[in-house]
Amino acid sequence: MMRTIHLIMIGAFVFLHAGGGVAGAFHPDIYHPRVPAELLEKLQDMDSPYPATPERIEAGRKIYFGKGLCVTCHSNDGKGVKLPGHSPRDFTDPKWQEIRTDGEMMWVLRNGSPGTGMPVRVGKVISEEEGWSVIHFIRTFNKSQ
Ligand code: HEC
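Predicted model, so just to flag it, every value in this text is computed and none were measured.

> I keep staring at the site of the ligand and nothing clicks. Help me out?
In the neighbourhood of the ligand, 25 residues make up the surrounding shell, with Cys70, Cys73, His74, Ser113 and Met118 lying closest. One of the side-chain nitrogen or oxygen atoms of His86 is found 2.7 Å away from an oxygen atom of the ligand. Measuring from an oxygen atom of the ligand, one finds a side-chain N or O atom of Arg100 at 2.6 Å. At a threshold of 2 Å from the grid points, most atoms of the ligand map onto the largest pocket. At the level of elements, helix H4 (70–74), helix H6 (102–111) and helix H7 (128–139) are the ones that each hand at least two residues to the shell around the ligand. Take the shell around the ligand: its biggest share by element is 4 residues, from H4. Residue composition of the shell around the ligand, by class: 13 nonpolar, 8 polar and 4 charged.

> Just to check I follow, could you spell out the coordination of the iron atom of the ligand for this structure?
Around a metal, the perfect tetrahedron of four donors has angles of 109.5 degrees, and the perfect octahedron of six donors has angles of 90 or 180 degrees. Distances from the iron atom of the ligand to its protein donors, His74 (NE2) and Met118 (SD), fall within 2.0 to 2.1 Å. Classification of the site at the iron atom of the ligand rests on its 6 donor atoms, whose angles at the metal span 88 to 179 degrees, yielding the label octahedral. Separated by 44 residues along the polypeptide, His74 in helix H4 and Met118 in the loop between H6 and H7 bring together distant segments of the chain. Judged by its relative accessible area of 10%, His74 falls in the buried class.

> Mind showing me how you'd approach helix H3 (residues 54–65) here?
An α-helical turn contains 3.6 residues, so any two residues separated by three or four positions project in the same direction. Across its 12 residues, H3 extends 17 Å between first and last C-alpha, which sits within 8% of the 16 Å expected from 1.5 Å per residue. All of the buried residues along H3 are Arg56, Gly60, Ile63 and Tyr64. The buried residues of H3 occupy an angular sector of 100 degrees when projected down its axis, which confines them to one face. Summarising the geometry of H3, the exposed residues directed more than 90 degrees from the buried face are Pro54, Glu55 and Lys62. Contact partners of the buried residues in H3: H4 and H7.

> Explain unusual backbone geometry here, please?
Positive phi outside glycine occurs at Leu69, with the angle close to 60 degrees. Along the polypeptide, Leu69 turns up in the loop between H3 and H4. One non-glycine residue, Ser75, lies in the positive phi region at around 65 degrees. Along the polypeptide, Ser75 turns up in the loop between H4 and helix H5 (94–99).

Cut-offs used in this document
Residues numbered from 1 in each chain as written. Predicted model: local features only at pLDDT ≥ 70, side-chain atom pairs only at ≥ 80, totals over all residues. Heavy atoms only, no water. Near = heavy atom within 4 Å. Polar contact = N/O pair within 3.5 Å; in protein donor to acceptor, adjacent residues only side chain to side chain. 1 Å grid on protein atoms, 1.4 Å probe; cavity = no way out; pocket = protein on both sides within 12 Å on 5 of 7 lines; lining within 4 Å. Sits in = over half its atoms within 2 Å of the grid points. Helix = DSSP H or I, 4+ residues; strand = E, 2+ residues; numbered from the N terminus. Nonpolar A, V, L, I, M, F, W, Y, C, P; charged D, E, K, R; others polar. Donors = N, O, S within 2.8 Å, 3.2 Å for Na, K, Ca; no water. Tetrahedral: all angles 85-135°; square planar, octahedral: opposite > 155°, others 65-115°. Buried < 20%, exposed > 50% of the residue type's maximum accessible area, 1.4 Å probe, protein only. Expected span 1.5 Å × (residues − 1). Arc of directions from axis to C-beta. Contact = heavy atoms within 4.5 Å.

Next up, the structure:
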């Protein structure tokens, strides 16, 4: 009995995380943009309004490991835990770090990544300013720096 319930729960989890039934921007290529095509240019021009000072990065680190709950999926080293369906991004990947702009990341923090387990964060568990801080912190995972 317990085993059946367990299997049903795993099934539901895989379904949700594989994007079952959710129409969205999900793409199996991790470098492919996550934002809607019509917003891409505008978001790529959008920079963080805050400079990446050590204080700002430290504030972002606290959010990543604290109330943002980022660490539960993205792990201590930024490489991400293995999840059923589509796993989180490897933040240490220099190619991804170079391709993805701050403005695109902010869109994902505000909207989640449709069709994946990446949840809405800004406006729900963290503020917009905290979102920019955590983006500055994510940049510190870049292996090429
Ligand atoms: C429940 C698990 C989960 C939590 C919690 C979570 N993420 Fe994610 N995140 C994911 C998954 C899965 C992906 C991969 C989505 C994709 O491929 O589009 C992802 C992708 C991302 C991306 C990359 C999107 C892109 O454009 O390539 C960023 C940036 C990100 N997360 C930031 C965060 C931050 C910051 C937090 C905390 C405030 C957070 N995530 C919390 C699961 C999570």
